[in-house]
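An overview of the molecular structure
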Amino acid sequence: MASDAIVTENLTKVYGKLTAVDHVNLKVAEGTIFGLLGPNGAGKTTMIKLLTGLTDITEGEASVAGFNVRRDPMHVKQRIGWVASEVILDDDFTAWENLWLQAKLQSLPEWRDRAEDLLKYFGLLDRRKDRVKTFSTGMRKKLEIALALLHQPEVVFMDEPTIGLDANTRHMLWDLITGVNREFGITVLLTSHYIEEADALCEQISIIDHGKFVASGSPTDLKARVKSDFVELETREPVDEAKLRAIPGVTDVRTQGKTWILRVSAAEEVLPRLFATLKTDEIRRINVEKPSLETVFLDITGKRIDQPGSDVPDYRKFYAQMRRARR
Ligand SMILES: Nc1ncnc2c1ncn2[C@@H]1O[C@H](COP(=O)(O)OP(=O)(O)OP(=O)(O)O)[C@@H](O)[C@H]1O
Ligand SMILES: [Mg+2]
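Keep in mind that what you see is a predicted model, and the values were worked out from it rather than measured. (Residues numbered from 1 in each chain as written. Chains lettered and ligands numbered in written order. Predicted model: local features only at pLDDT ≥ 70, side-chain atom pairs only at ≥ 80, totals over all residues. Heavy atoms only, no water.)

**Some thoughts on the domain arrangement of the chain**
- By the assigned domains, the chain splits into domain 1 (4–223) and domain 2 (227–290).
- Spacing between the C-alpha centres of domain 1 and domain 2 amounts to 40 Å. (Domains from an automatic or database assignment.)

Laid out in structure tokens, this is it:
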């Protein structure tokens with residue numbers, strides 16, 4: 001029977017008055033891809049920092065690759081890789097020099113064959129002698145993952161591996177991450193804002209909000225839990241909430257900015273009633289959502305994972321700023 005690569009018991013991190021990670025119990029089976037899904041500030045990065053030993057645990061226990069993070073941090077560090085959401089590459093070094101530096105930092109005696117295999121796997125072998133400053137954002141991300149795999153870790157943590165990348169590059173990285181898991185046999189824990197990413201990649205998912213796990217399961221299980229459809233509605237004039245609540249089949253009404261979000265039993269039954277209640281020229285926009293991971297999140301937390309106006313960092317800008325700062 002496969003054992004667990006990551007186990008936590010009541011894992012908690014408190015920063016002053018803020019509980020960033022709140023009594024989390026987690027089990028990630030060896031050889032799987034696990035996704036931590038949550039909005040900005042939910043506690044995803046803090047979870048990774050706790051599990052990698054980058055920040056101290058306030059309360060609770062965690063073990064990774066069979067070792068206790070608090071008692072055996074060095075054993076844990078030898079067995080894990082970490083792909084940060086920030087820049088870690090040295091721009092003035094070539095791809096190969098970045099790998100060399102990583103090998104030095106980790107005192108790896110034999111690394112060249114592995115480095116070559118990784119460059120081959122990530123399609124970067126012919127760019128090995130090029131300075132990283134000439135790389136696209138997708139190529140940088142691939143090189144960052146390669147660096148994290150150089151010492152042959154058992155578990156890899158990836159914090160928002162595809163944030164800020166365009167859809168094509170993101171899909172290409174999904175294939176590579178799946179390959180890292182299947183071909184290299186590495187357990188992957190990744191965090192994401194992108195629901196479709198977690199859906200495509202992860203066998204198991206936990207949704208985290210305000211430091212707490214609010215739902216866990218396979219994408220299919222989670223979707224099956226939501227029995228409702230959601231109707232998102234934007235109107236030209238203000239609408240009386242009571243009017244919306246009174247429509248048969250509407251089980252909940254929430255507002256998010258100018259938008260109404262109605263939880264309904266079945267959209268096809270409720271829509272004609274909605275049109276009868278509101279004049280069609282009052283409706284600026286209407287959108288129906290059938291059960292998906294997005295509606296799971298909506299159902300549990302009452303909000304969208306990426307709220308309008310929420311500040312999802314643009315990593316292309318960030319990379320560009322870093323490059324300027326280093327010059
Ligand atoms: N070093 C720190 N000191 C104080 N508070 C912190 C620190 N690091 C994180 N926090 C707070 O802990 C909470 C969780 O932050 P965290 O970075 O884990 O969120 P996240 O889910 O990774 O968000 P994002 O999607 O924006 O990356 C936030 O409220 C954040 O402000
Ligand atoms: Mg984060």
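That covers the picture; the talk isn't over yet.
**Details of the pairing of strand E8 (residues 187–192)**
- Taken across its six residues, E8 has six buried, putting it largely inside the fold.
- Alternating positions in E8 separate into two faces, Thr187, Leu189 and Thr191 on one and Val188, Leu190 and Ser192 on the other, with burial throughout.
- In this sheet, E8 lies alongside strand E3 (residues 33–37) in parallel orientation, the contact comprising five bridges. In the strand pairing of E8, Phe34 is matched with Leu189.
- Relative to E8, strand E7 (residues 155–159) runs parallel, the two sharing five bridges. Bridge assignment links Val156 to a residue of E8, and that residue is Val188.
- In terms of handedness, the path from E7 via helix H6 (residues 167–183) over to E8 forms a crossover that is right-handed. (Buried < 20%, exposed > 50% of the residue type's maximum accessible area, 1.4 Å probe, protein only. Helix = DSSP H or I, 4+ residues; strand = E, 2+ residues; numbered from the N terminus. Pairing = 2+ DSSP bridges. Right-handed = clockwise from strand over helix to strand, strands pointing away.)

**Overview of unusual backbone geometry**
- For Ala65, which is not a glycine, the phi torsion comes out positive at approximately 55°.
- Mapping Ala65 onto the fold places it in the loop between strand E4 (59–64) and strand E5 (67–68).

**Quick notes on the nonpolar core**
- Ranked by size, the top nonpolar core spans 53 residues in total, and within it Leu99, Phe122 and Leu143 carry the most contacts.
- Top element by residues in this core is helix H5 (residues 137–149). It accounts for seven residues.
- Residue contacts for Leu143: discarding those within four places in its chain leaves Leu89, Ala95, Asn98, Leu99, Leu119, Leu124, Val132 and Phe135.
- Judged by nonpolar contacts, the second largest core, of 26 residues, contains Leu36, Ile48, Ile57 and Val76. (Core = buried A, V, L, I, M, F, W, Y, C linked by side-chain atoms within 4.5 Å. Contact = heavy atoms within 4.5 Å.)

**A look at the packing of aromatic side chains**
- The final tally for this structure, using the stated rule, is three aromatic pairs.
- Plain terms: the ring middles of Trp96 and Trp111 are 5.2 Å apart, the flat faces sit at 35° to each other, and that makes the pair tilted. With Trp96 in helix H3 (residues 95–105) and Trp111 in the loop between H3 and helix H4 (112–121), this residue pair connects regions lying 15 residues apart in the sequence. For the pair Trp96 and Trp111, a shared accessibility class is recorded, and that class is buried.
- Each ring, one from Tyr121 and one from Phe122, has its centre 4.9 Å from the other, and the planes form 85°; the classification is edge-to-face. In this structure, Tyr121 and Phe122 share a single accessibility class: buried.
- Chaining the aromatic ring pairs together yields one cluster made of Tyr121, Phe122 and Phe184.
- Positioned over the ring face of Trp96 is Arg128, at 4.9 Å from the centre of the ring. (Phe/Tyr/Trp six-rings, centres within 6.5 Å; stacked < 30°, edge-to-face > 60°. Lys NZ or Arg CZ within 6 Å of the ring centre and 35° of its normal.)

**Description of the site of ligand 1**
- Close to ligand 1 lie 13 residues; Asn40, Gly41, Lys44, Thr45 and Thr46 are nearest.
- In this structure, Thr45 approaches ligand 1 through a side-chain N or O atom, which is 2.8 Å from an oxygen atom.
- At 3.4 Å from an oxygen atom of ligand 1 is found a side-chain nitrogen or oxygen belonging to His193.
- Considered on its own, ligand 1 offers 640 Å² of accessible surface; in the complex 60% of this is hidden by protein.
- Secondary-structure elements contributing two or more residues to the shell around ligand 1 are strand E2 (18–29) and helix H1 (44–51).
- For the shell around ligand 1, a count of residues per class yields five nonpolar, six polar and two charged. (Near = heavy atom within 4 Å. Polar contact = N/O pair within 3.5 Å; in protein donor to acceptor, adjacent residues only side chain to side chain. Areas by Shrake-Rupley, 256 points an atom, 1.4 Å probe, with all protein chains shown as cover. Nonpolar A, V, L, I, M, F, W, Y, C, P; charged D, E, K, R; others polar.)

**Some words on the pattern of salt bridges**
- Here the structure, examined in full by the defined rule, presents 18 salt bridges.
- The residue Arg127 makes a salt bridge to Asp130 at a minimum N-O spacing of 2.5 Å.
- Given a relative accessible area of 28%, Asp130 falls into the partly exposed group.
- Beyond isolated ion pairs, a larger network of salt bridges with shared partners links Glu232, Glu234, Arg284 and Arg285. (Salt bridge = Lys/Arg side-chain N within 4 Å of Asp/Glu carboxyl O.)

**Here we look at H6**
- In this model H6 runs 24 Å from its N-terminal to its C-terminal C-alpha over 17 residues, within 8% of the 24 Å that 1.5 Å per residue would give.
- Of all the residues in H6, the buried ones are Thr169, Arg170, Leu173, Trp174, Leu176, Ile177, Thr178, Gly179, Val180 and Asn181.
- In the core, the buried residues of H6 are packed alongside E3, H4, H5, E7, E8 and helix H7 (195–201).
- N-cap assignment for H6: the residue whose side-chain oxygen lies 3.1 Å from the backbone N of Asn168 is Asp166. (Expected span 1.5 Å × (residues − 1).)

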